[in-house]
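Close look at the chain arrangement
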Amino acid sequence: MEDQTQPEEASPEVQKRIQDSFDRQGLMSHLGARIAHIGPGRVRIVLPGRPEVTQQHGYFHAGATSAIADSAGGYAAFTLFPEDTDVLTVEYKINLLAPAVGAHIEAVGTVLKSGRTLTVCQLEVFGVQHDRRNLVANGQQTLIRVNRTEQ
């Protein structure tokens with residue numbers, strides 16, 4: 001489960017590269033998600049609760065939960081990539097462990113292994129209400145580093 005110690009910050013250049021890329025994502029904007037932290041190999045994304053991101057029982061929808069988890073892992077990997085590269089998800093698996101409830105959900109992507117081509121990340125999503133955090137989803141993801149000219 002997530003380490004609650006003081007998180008390390010990525011360099012200002014890396015933070016700007018990540019935030020600029022995130023700002024170009026139509027889905028994250030549409031959902032209302034925002035980046036809460038950018039560290040080397042670790043990114044947190046917050047999604048506030050509102051009716052548009054819930055399912056029929058009022059819980060955060062699995063699609064919204066999965067989407068922010070995917071982006072958190074992708075950007076965690078991207079923090080470790082060279083400046084002239086980009087990141088794409090190859091695959092991910094997510095287990096929904098509990099109904100996602102709270103004022104917001106928070107996805108944490110953490111790099112487990114960064115390679116020359118493939119990177120593997122751990123994905124965690126927490127339901128947050130006041131100062132109470134509940135792990136609602138956990139997964140793993142594989143990403144590929146691509147040169148900008150390859151796209």
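Everything quoted here is computed from the prediction, not taken from an experiment.

1. A look at the pairing of strand β4 (residues 104–114)
The pairing of strand β2 (residues 42–48) with β4 spans seven bridges and is antiparallel. Bridging from a neighbouring strand, L47 pairs with I105 of β4. Taken together, the ten bridges between β4 and strand β5 (residues 118–129) define a ladder with antiparallel strand orientation. Bridging from a neighbouring strand, K113 pairs with V120 of β5. The hairpin formed by β4 and β5 contains three residues between the paired strands.

2. As for the layout of surface pockets
Put simply, the largest pocket is a space of about 290 Å³. Lining the largest pocket are 14 residues, and of these S21, Q25, Y75, V87 and L88 sit closest to its centre. For the lining of the largest pocket, the elements supplying multiple residues, two or more each, are α3 (62–78) and β3 (85–96). When residues of the lining of the largest pocket are assigned to their parent elements, the largest contribution, five residues, is made by α3. For the lining of the largest pocket, the residue count by class is five nonpolar, six polar and three charged.

3. Side note on the nonpolar core
The nonpolar side chains of a soluble globular protein tend to be buried, and buried together. If you look at the biggest cluster of nonpolar residues, it comprises 36 residues, and the most contacted ones within it are I45, L47 and I68. It is α3 that contributes the most residues to this core, nine residues altogether.

4. As for the pattern of salt bridges
Proximity of charged atoms lets side chains of opposite charge pair with each other. A full pass over the atoms with the stated rule returns five salt bridges. For R44, the salt bridge goes to E106, with nearest N and O atoms at 3.2 Å. Linking R44 in strand β2 with E106 in strand β4, this pair joins segments that are 62 residues apart in sequence. Each member of the pair R44 and E106 is classed as buried. A salt bridge links E106 to R133; the nearest nitrogen and oxygen atoms lie 3.2 Å apart. Of this pair, E106 sits in strand β4 while R133 sits in strand β6 (residues 132–147), and the two are 27 residues apart along the sequence. A relative accessible area of 6% means that E106 is categorised as buried. Residue class for R133 comes out partly exposed when judged on its relative accessible area of 27%.

Quick notes on the rules
- Residues numbered from 1 in each chain as written.
- Predicted model: local features only at pLDDT ≥ 70, side-chain atom pairs only at ≥ 80, totals over all residues.
- Heavy atoms only, no water.
- Pairing = 2+ DSSP bridges.
- Helix = DSSP H or I, 4+ residues; strand = E, 2+ residues; numbered from the N terminus.
- 1 Å grid on protein atoms, 1.4 Å probe; cavity = no way out; pocket = protein on both sides within 12 Å on 5 of 7 lines; lining within 4 Å.
- Points joined across faces, edges and corners; volume = space filled by probe spheres on them.
- Nonpolar A, V, L, I, M, F, W, Y, C, P; charged D, E, K, R; others polar.
- Core = buried A, V, L, I, M, F, W, Y, C linked by side-chain atoms within 4.5 Å.
- Buried < 20%, exposed > 50% of the residue type's maximum accessible area, 1.4 Å probe, protein only.
- Salt bridge = Lys/Arg side-chain N within 4 Å of Asp/Glu carboxyl O.

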